[in-house]
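# Structural features, examined
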Number of protein chains: 2
Amino acid sequence: MQLVSYPNGVVRSTDFQMVLRKLGRLRPGEVLVRNTWMSIDPGLRLRLRAQSPDGYFGAIPLRSTISGVMTVGEVVASRADGFAPGDAVSHGSGWREFAVVEAGRDEIGGLGTLRRVDTSLAPPRAFLGVLGGTGLTAYAGMLRVANPRRGDVVWISAAAGAVGSLAAQLAKIRGHRVIGSAGSDEKVSYLLDVLGLDAAFNYKSGRLEDLLHQAAPEGIDVYFDNVGGHHLEVAIGALRRGGRIAMCGTVAEYDKATSSPGPDNLFLIVAKELTLQGLRGNAHVDVLPEMWRELGGLLRAGRLECPETIVDGLENAPLALARLMRGETTGKTLVRIAPEAGK
Amino acid sequence: MQLVSYPNGVVRSTDFQMVLRKLGRLRPGEVLVRNTWMSIDPGLRLRLRAQSPDGYFGAIPLRSTISGVMTVGEVVASRADGFAPGDAVSHGSGWREFAVVEAGRDEIGGLGTLRRVDTSLAPPRAFLGVLGGTGLTAYAGMLRVANPRRGDVVWISAAAGAVGSLAAQLAKIRGHRVIGSAGSDEKVSYLLDVLGLDAAFNYKSGRLEDLLHQAAPEGIDVYFDNVGGHHLEVAIGALRRGGRIAMCGTVAEYDKATSSPGPDNLFLIVAKELTLQGLRGNAHVDVLPEMWRELGGLLRAGRLECPETIVDGLENAPLALARLMRGETTGKTLVRIAPEAGK
């Protein structure tokens, strides 16, 4: 699928078009993959513009097949060592039904390198979510960046989202008091009843400062930020001395053509000796084996909820992204490109 | 001296008044100090308002003698163990000619506890600057918080100021490429010719982005922020992946009644995995002995420039603060309350 125009505000299907391309013969080192599932992530929205943010993944060029998006599939033919027909693999060449992938090559910081996935841990699509980039962002973000200390109170925004729901559960499993926020009462029920968080609120139901204060009257120690904007400002206000913020994304801003001003209370970073740290999963690829062990174990033990929103058909991928950006999805948003044949 | 009204914008002498008070008899544990020098710090401006920022030192009450400000002096009489007439001491009871100080008590986070100062290292007033809170902020800020790595390019704003000039020299001594900015051409000459920085610019002489780019075409790795506001935004733009910001103060904001919006480019904290950390010297009091050793050694070796702006007379302290806030001072701003008698 190609991008034909940079979306203005909310992503529309008409910004995209499907094209039919004939694939050439495989060259040495290449593998032909039949894609089955594709990851839909908010960060993609930042690349659907003429220039992506400095330091981020590159902008998606118009009228060429969209690339650099995590996908799983099955090897159909292989001229690369270590890959054979029938292998379940993950790679970074999404937005197409069949992909020719060069082994060892990656355009998205190490995560997109073609690799076989261990289907004894979970079905292949889990390697886009809990065992893929989403899991890595939550795992490294909570354990390496936010790194709550014993007794810390942790607030997670967009806590019913893909990264947020995992980050919240990891903090709970480690014994912290965990507060989640989300954008609907239904999601709040999910956070309380299914994920078992200590407190949760719908940020649309009142003044954010008040809602957070009710959930954490004594303040918070860690904020896991998926939202940015006013949420970040309120967190800076509520953090106690020495508090930490893992900044994972600022999804409130991604649909906007221009950036909004930042929080007006940044002096509190000095006054309370706060730390803000930006977080990108792909900087922590070294932690994948450890994460597969730990999260794979939790999955097998049934201790990890991995909600999903599944959209069928590659042609509906733009719709899936639009729904994600509007806050209508819960957990990991996936596009099912084709059924799995299995081995 | 007392505060009689909260300054509106720039501090004026008429916001203060001198009063004569009779001192009571010393109680056990108390020491009478004849104050000789007082520290003038930008952070005091944040306390000259009805409410100081959350987590910061308390607001200065109206019509009571201003307290919680670092001062040095000579012990006149003592009913506390370990202190004898003639001792040179530092404490937190500034803005007065004579202070009754209770040993062991402090209202400014550990730094203001009555302590004898080692005049073999430097004259007493140095314990307000390079060997006191100023030095501690620069030393802990540069070495513990910013902690530049080999090869890092370091930008320091307000680099001709008390903290900035020390932080810049510490980074130079450790072999980094150091860029300083300041608010006058005279200060820029000082940074280049006396402190020997690698590059320096007057931030008023052009677009800040362009000036920094000229000084650091490849970007920076560490920003030591004494200013906040637009400087912070430009630093976030110029930092390379994994860069760090030690936020020491936001002096551009202190005279304002309301806070300005923050940088609009905070997503770059995520994209480039930046870290911002707030810094207060008094959180690092444990490092004082190490700092006295190291900076004392550098002072004796003549390797540390410690510029000073000296204002005579306690009655002129408000003027000293106003000049500091207007950027008219270089290095440490001190008020000479009385001549030193010496031992």
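### Things to note about the interface of chain B and chain A
- Facing 34 residues of chain B, the contacting portion of chain A comprises 34 residues.
- Residue contributions to the side of chain B that touches chain A peak at five residues, all from helix α6 (residues 267–271) of chain B.
- Sheet analysis places strand β13 (residues 275–278) of chain A next to strand β13 (residues 275–278) of chain B, joined by three bridges and oriented antiparallel. What sits directly across from Q277 of chain A, in β13 of chain B, is T275 of chain B.

### Here we look at the relation of the copies chain B and chain A
- The two copies are related by a screw motion: chain B maps onto chain A through a turn of 180° and a shift of 0.0 Å along the axis, at an RMSD of 0.0 Å. The operation mapping one copy onto its partner corresponds to a two-fold rotation axis. If distances are taken from each C-alpha of chain B to the rotation axis, the shortest is found for G262 of chain B, at 2.0 Å.
- When you check the interface residues of chain B against chain A, 100% turn up at the interface there too, and the contact is symmetric in its surfaces.

### Examining the sheet that holds strand β10 (residues 199–202) of chain A
- Here 12 strands make up an open sheet; going across it, the order is β10(A)-β9(A)-β8(A)-β11(A)-β12(A)-β13(A)-β13(B)-β12(B)-β11(B)-β8(B)-β9(B)-β10(B) and the pairing mixed. Edge strands, defined here as strands with exactly one partner in the open sheet, are β10 of chain A together with β10 (199–202) of chain B. Here the average twist between neighbouring strands, direction ignored, is 15°.
- Two strands pair when backbone bridges link them, and strand β12 (residues 239–247) of chain B and β13 of chain B are joined in this way by four bridges, in the parallel orientation. Residue pairing for β13 of chain B: R244 of chain B is matched across the bridge by T275 of chain B.
- Each of β8 (153–156), β9 (177–182) and β11 (220–225) of chain A touches helix α2 (residues 162–173) of chain A; the most contacted strand, β9 of chain A, lies at about 165° to it.

### Re the packing of helix α4 (residues 208–215) of chain B against helix α5 (residues 229–238) of chain B
Residues and elements named next belong to chain B.
- Relative orientation of the contacting elements α4 and α5 amounts to 45°, with a least axis distance of 10 Å. Relative to α5, the element α4 is oriented oblique. The hand of the α4/α5 crossing is right-handed. Contacts from L208, E209 and L212 of α4 reach α5 at H230, H231, V234, G237 and A238.
- For the contact of α4 with α5, the per-class residue count stands at four nonpolar, three polar and one charged.

### Brief notes about α5 of chain B
All names here are of chain B.
- For α5, the buried fraction is high: seven of the 10 residues fall into the buried class.
- All of the buried residues along α5 are H231, L232, E233, V234, A235, I236 and A238.
- On its buried face, α5 sits against β8 (153–156), α4, β11 (220–225), β12 and α6.

### So, the domain arrangement of chain A
Residues and elements named next belong to chain A.
- What the domain assignment reports for chain A is domain 1 (2–128 + 309–336) and domain 2 (133–282).
- Distance from the C-alpha centre of domain 1 to the C-alpha centre of domain 2: 28 Å.
- Listed as interface residues are 18 residues of domain 1 and, on the opposing side, 14 residues of domain 2.
- Split by residue class, the side of domain 1 that touches domain 2 holds seven nonpolar, nine polar and two charged.

### Some points on the pairing of β11 of chain A
All names here are of chain A.
- Most of β11 sits out of view: six of its six residues are buried.
- Bridge count for β8 against β11 is three bridges, and the pairing is parallel. Paired with I156 across the strands is F224, a residue of β11.
- Relative to strand β12 (residues 239–247), β11 is paired through five bridges, and the arrangement is parallel. In the strand pairing of β12, V222 is matched with R244.
- Regarding topology, helix α5 (residues 229–238) serves as the crossover connection from β11 to the parallel β12, and that connection is right-handed.

Calculation rules
Residues numbered from 1 in each chain as written. Chains lettered and ligands numbered in written order. Predicted model: local features only at pLDDT ≥ 70, side-chain atom pairs only at ≥ 80, totals over all residues. Contact = placed C-beta atoms within 7 Å. Helix = DSSP H or I, 4+ residues; strand = E, 2+ residues; numbered from the N terminus. Pairing = 2+ DSSP bridges. Least-squares fit on C-alpha atoms with pLDDT ≥ 70 in both. Axes fitted to C-alpha atoms, helices over the stretch in contact; angles between N-to-C directions. Parallel < 35°, antiparallel > 145°, perpendicular 65-115°, else oblique. Left-handed = near helix turned anticlockwise from the far one by under 90°. Nonpolar A, V, L, I, M, F, W, Y, C, P; charged D, E, K, R; others polar. Buried ≥ 20, exposed ≤ 12 C-beta atoms within 10 Å, placed from the backbone. Domains from an automatic or database assignment. Right-handed = clockwise from strand over helix to strand, strands pointing away.

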